[in-house]
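Geometric and topological summary
Now for the letters of each chain:
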Amino acid sequence: MKVENIILIGFMGSGKTSAGRLLAERLHYDFKDTDDMIGVLENTTIANIFRLHGEDYFRELETNLLLSIKDSMKRTVLSTGGGMPIRERNRKLLKEMGHVVFLRASCDTIIKRVSGDTSRPILKKGNLNETVERLLAVRTPYYEEAADVIIDTDNKSIYRIVDEIIEIIKYNVYQKRKDD
Ligand code: S3P
């Protein structure tokens, strides 16, 4: 496992982007966000990609992106879209790319954080509470399977979340060196 990259996974609204930026700053790492990169490559917004081409097309773009950055990414904190770990292929790629950290948040926390948000196409259809509950139930096993580390984020500031990520990764790296 390459430990020089840290990959953040988790549901929409779990704080991947804000914690990721701060974590990168603290570690003097680069920060990258898969949604931002896809937006730049496609020269449009994620919402437009969903509207024009649908979710399957977006999922294909996510896999292609991972394949294209996998070998060159160094000392980077990568924040991923909330649906990235749904695909088995992506889970495997993420694990190969670095230390995967699942930022776990409860249904209530997520609903509070994403309500009022209009930029996420997945949340536009139907009742927000029902959608979050349903998707969270489906996706949680995938997040857990992909994760090397799980951090609970409910009621924690991003400063505390970042401190916890740094501590646990330091510990894991130390343990791994000891075992090698
Ligand atoms: C999605 C999450 C979004 C973005 C897209 C689909 C999802 O990213 O990739 O709207 O399926 O959960 P964030 O988790 O950064 O909001």
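Everything here concerns the structure above.
Okay, so let's go over this structure. Just so we're clear, the structure is a prediction, and the values are computed from it rather than from any experiment.

Section: the layout of surface pockets
- Computed from the structure, the largest pocket encloses a volume of approximately 470 Å³.
- For the largest pocket, the lining is made up of 27 residues, of which Met12, Asp35, Gly81, Gly82 and Arg120 are closest to its centre.
- When its residues are assigned to classes, the lining of the largest pocket shows seven nonpolar, twelve polar and eight charged.

Remarks on the site of the ligand
- Taken together, 14 residues sit near the ligand, with Lys16, Asp35, Arg59, Arg120 and Arg139 positioned nearest.
- Contacts to the ligand include Gly83, whose backbone N or O atom sits 3.3 Å from an oxygen atom.
- Contacts to the ligand include Arg120, whose side-chain N or O atom sits 2.6 Å from an oxygen atom.
- About the coverage of the ligand: the protein hides 95% of its 390 Å² of free accessible area.
- Among the cavities detected, the one that contains the ligand is the largest pocket.

Overview of the sheet that holds strand β1 (residues 6-9)
- Pairing within the open sheet is parallel, and its five strands lie in the order β2-β3-β1-β4-β5. In the strand order of this sheet, the two ends are held by β2 (30-33) and β5 (149-152), each with one partner. Ignoring strand direction, the axes of neighbouring strands in this sheet form an average angle of 20°.
- The sheet strands contacting helix α5 (residues 88-97) are β1, β3 (76-79) and β4 (99-104), and the helix crosses β1 at an angle near 145°.
- In the packing of helix α8 (residues 158-179) onto the sheet, the strands contacted are β1, β4 and β5, and the crossing angle to β5 comes to about 155°.

Side note on the packing of helix α2 (residues 34-42) against helix α4 (residues 55-69)
- One can describe the packing of α2 onto α4 by two numbers: an axis separation of 10 Å at closest approach and a directional angle of 100°. The angle between α2 and α4 falls in the class roughly perpendicular. Together, Thr34, Asp35, Met37, Ile38, Leu41 and Glu42 of α2 and Tyr57, Phe58, Leu61, Glu62, Leu65 and Ile69 of α4 make up the contact between the two elements.
- When grouped by side-chain class, the residues that make up the contact of α2 with α4 number eight nonpolar, one polar and three charged.

Re the pairing of β1
- Of the two faces of β1, the one carrying Ile6 and Leu8 and the one carrying Ile7 and Ile9 are both buried.
- Here β1 pairs with β3 via three bridges, running parallel. Residue pairing in the sheet places Ile7 in a bridge with Leu78 of β3.
- Across four bridges, β1 lies against β4 in parallel orientation. Bridge pairing in β4 links Ile6 to His99.

What counts and what doesn't
- Residues numbered from 1 in each chain as written.
- Predicted model: local features only at pLDDT ≥ 70, side-chain atom pairs only at ≥ 80, totals over all residues.
- Heavy atoms only, no water.
- 1 Å grid on protein atoms, 1.4 Å probe; cavity = no way out; pocket = protein on both sides within 12 Å on 5 of 7 lines; lining within 4 Å.
- Points joined across faces, edges and corners; volume = space filled by probe spheres on them.
- Nonpolar A, V, L, I, M, F, W, Y, C, P; charged D, E, K, R; others polar.
- Near = heavy atom within 4 Å.
- Polar contact = N/O pair within 3.5 Å; in protein donor to acceptor, adjacent residues only side chain to side chain.
- Areas by Shrake-Rupley, 256 points an atom, 1.4 Å probe, with all protein chains shown as cover.
- Sits in = over half its atoms within 2 Å of the grid points.
- Pairing = 2+ DSSP bridges.
- Helix = DSSP H or I, 4+ residues; strand = E, 2+ residues; numbered from the N terminus.
- Axes fitted to C-alpha atoms, helices over the stretch in contact; angles between N-to-C directions.
- Contact = heavy atoms within 4.5 Å.
- Parallel < 35°, antiparallel > 145°, perpendicular 65-115°, else oblique.
- Buried < 20%, exposed > 50% of the residue type's maximum accessible area, 1.4 Å probe, protein only.

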